[in-house]
Amino acid sequence: MEEITNVMEYEAIAKKKLPKMVFDYYASGAEDQWSLQENRNAFSRILFRPRILIDVSKIDMNTTVLGFKISMPIMIAPTAMQKMAHPEGEYATARAASAAGTIMTLSSWATSSVEEVASTGPGIRFFQLYVYKDRNVVAQLVRRAERAGFKAIALTVDTPRLGRREADIKNRFTLPPFLTLKNFEGLDLGKMDMANDSGLASYVAGQIDRSLSWKDVQWLQTITKLPILVKGVLTAEDTRLAVQAGAAGIIVSNHGARQLDYVPSTIMALEEVVKASQGRVPVFLDGGVRRGTDVFKALALGASGIFIGRPVVYSLAAEGEAGIRKALQMLRDEFELTMALSGCRSLKEITRNHIVTEWDAPTLPRPAPRL
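Residues numbered from 1 in each chain as written. Predicted model: local features only at pLDDT ≥ 70, side-chain atom pairs only at ≥ 80, totals over all residues. Heavy atoms only, no water.

Going by the annotation in an unreviewed UniProt entry, the name recorded for the protein is Peroxisomal (S)-2-hydroxy-acid oxidase, with Melia azedarach given as the source organism.

Structure (structure tokens):
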């Protein structure tokens with residue numbers, strides 16, 4: 001096999017290896033998949049303004065997230081049911097994140113439990129939470145995550161209902177019979193029934209609370225001391241409400257373009273959210289990051305870090321833990337090179353002036369056309 005030289009190459013390998021139902025579940029976006037393409041395309045409309053003749057012999061990519069030291073501003077987003085991709089599933093992801101010195105976010109709908117993931121060894125881990133109709137289930141789950149040493153809750157707020165993912169409907173997607181949603185196994189919520197459309201859509205309709213509102217963000221703070229990241233914010237208005245509600249941070253996310261189609265790409269929504277946050281809480285981004293240059297662009301627009309989702313699942317499917325390690329290393333190396341070639345030696349040196357976007361005013365007044 002030819003050597004893999006960037007994280008995008010894992011997708012084709014995963015597609016070859018995985019059953020169609022599984023690959024389509026990971027790969028799909030909502031409806032026309034316009035936002036899915038836009039998450040990627042939007043990055044290509046941001047260009048660099050590199051600064052030259054700066055001593056870049058030492059590059060420091062270290063940062064802190066909610067007070068936790070990590071080796072780079074590249075973290076792992078929550079993605080569901082990873083054992084569909086590889087038998088080691090979330091165990092492999094946890095070990096790869098830990099080896100890379102970064103944060104893993106475990107999905108509520110993982111095929112390994114919070115306790116199992118904690119058992120893989122040390123590491124900084126966040127827990128992504130879906131709010132079930134039964135609040136006792138939620139309270140129990142949060143308590144278990146806390147006990148297992150998870151350091152923050154990433155509350156997904158863009159999924160009162162599941163987005164329309166047409167491949168899942170065509171494939172009648174359901175969790176393979178030998179797997180369970182491990183965090184819910186003892187609660188009789190671990191299995192997904194076959195449905196006439198998407199088994200997951202039916203599961204969500206039956207279990208996930210559509211009435212979720214800002215008051216629940218406050219309720220969550222009464223049952224846990226863990227910091228809460230609000231995941232799925234795309235507007236200034238909701239940013240201000242999140243800060244008011246006591247969020248410790250915001251994740252600008254459109255759920256991998258799997259929920260509402262025709263929302264902007266996350267990189268295009270980022271600056272609006274950063275400005276509205278007024279520096280009161282850190283803002284993170286997920287969606288469409290595939291290159292070190294993408295990471296740099298997000299930081300230049302004010303993000304404190306980024307999360308990657310699909311590249312983790314694809315590299316896991318291709319090569320297990322080693323695949324994820326390699327994907328993280330490639331992104332790290334590309335990001336380091338982008339910093340060096342832009343003249344930035346540390347994350348704090350990455351500024352808005354290092355990029356130019358379509359919506360920036362031209363820096364030089366253009367000569368008036370002669371009449």
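Undergrad: Which parts of the structure should I look at to understand the packing of helix α6 (residues 135-147) against helix α9 (residues 214-223)?
TA: Think of two packed helices as two axes; the pair is described by the angle between the axes and how far apart they sit. Their axes nearest at 11 Å, the elements α6 and α9 cross at an angle of 50°. Comparing the axis directions of α6 and α9 gives the class oblique. Considering the relative orientation of α6 and α9, their crossing is right-handed. When α6 is examined against α9, the residues R135, V138, A139, V142 and E146 are found in contact with a partner set consisting of D216, W219, L220 and I223. Here the contact of α6 with α9 is composed, by residue class, of 6 nonpolar, no polar and 3 charged. (Axes fitted to C-alpha atoms, helices over the stretch in contact; angles between N-to-C directions. Helix = DSSP H or I, 4+ residues; strand = E, 2+ residues; numbered from the N terminus. Parallel < 35°, antiparallel > 145°, perpendicular 65-115°, else oblique. Left-handed = near helix turned anticlockwise from the far one by under 90°. Contact = heavy atoms within 4.5 Å. Nonpolar A, V, L, I, M, F, W, Y, C, P; charged D, E, K, R; others polar.)

Undergrad: Quick question: what am I supposed to make of empty space enclosed by the protein here?
TA: Over the atoms, a rolling probe the size of a water molecule traces out where space has been left empty. A full pass over the atoms with the stated rule returns 1 cavity of 30 Å³ or more. The volume enclosed by the largest cavity comes to roughly 410 Å³. In this structure, the largest cavity is lined by 29 residues; those nearest its centre are P78, T79, H255, G256 and R258. When contributions to the lining of the largest cavity are tallied by element, the ones reaching two or more residues are α2 (20-27), β11 (305-308) and α13 (310-342). At 3 residues, α13 tops the list of elements feeding residues into the lining of the largest cavity. (1 Å grid on protein atoms, 1.4 Å probe; cavity = no way out; pocket = protein on both sides within 12 Å on 5 of 7 lines; lining within 4 Å. Points joined across faces, edges and corners; volume = space filled by probe spheres on them.)

Undergrad: Got a minute to help me understand the packing of aromatic side chains in this structure?
TA: Aromatic rings considered in pairs are described by the distance between their centres and by the relative angle of their planes. Applying the stated criterion to the full structure yields 11 aromatic pairs. For the pair W109 and Y203, a centre-to-centre distance of 6.2 Å together with 80° between the ring planes defines the contact as edge-to-face. Within this pair, whereas W109 is found in the loop between β5 (104-106) and α5 (114-118), its partner Y203 is found in helix α8 (residues 199-207), the two being separated by 94 residues in sequence. Take W109 and Y203: they sit in the same class, and that class is buried. A ring pair is formed by Y132 and Y203, whose centres lie 6.3 Å apart and whose planes are at 75°; its orientation type is edge-to-face. Taken together, the positions of Y132 in the loop between β6 (125-129) and α6 and Y203 in helix α8 put the pair 71 residues apart, joining distant regions of the chain. Residue Y132 shares its accessibility class with Y203, and that shared class is buried. Taken together, the aromatic side chains of W109, Y130, Y132, F184 and Y203 make up a single cluster linked through ring pairs. In this structure, R135 packs its charged tip against the face of W219, placed 5.5 Å from the ring centre. (Phe/Tyr/Trp six-rings, centres within 6.5 Å; stacked < 30°, edge-to-face > 60°. Buried < 20%, exposed > 50% of the residue type's maximum accessible area, 1.4 Å probe, protein only. Lys NZ or Arg CZ within 6 Å of the ring centre and 35° of its normal.)

Undergrad: Which parts of the structure should I look at to understand the pairing of strand β9 (residues 249-252)?
TA: A two-sided burial pattern is seen for β9, the buried positions comprising G249 and I251 on one face and I250 and V252 on the other. Once the chain exits strand β8 (residues 228-233) it traverses helix α10 (residues 236-244) before rejoining the sheet at β9, and the crossover so formed is right-handed. The pairing of β9 with strand β10 (residues 283-286) spans 3 bridges and is parallel. Counted as the bridge partner of I250 is V283 from β10. Where the polypeptide runs from β9 across helix α11 (residues 266-277) and back to β10, its parallel neighbour, the crossover connection is right-handed. (Right-handed = clockwise from strand over helix to strand, strands pointing away. Pairing = 2+ DSSP bridges.)

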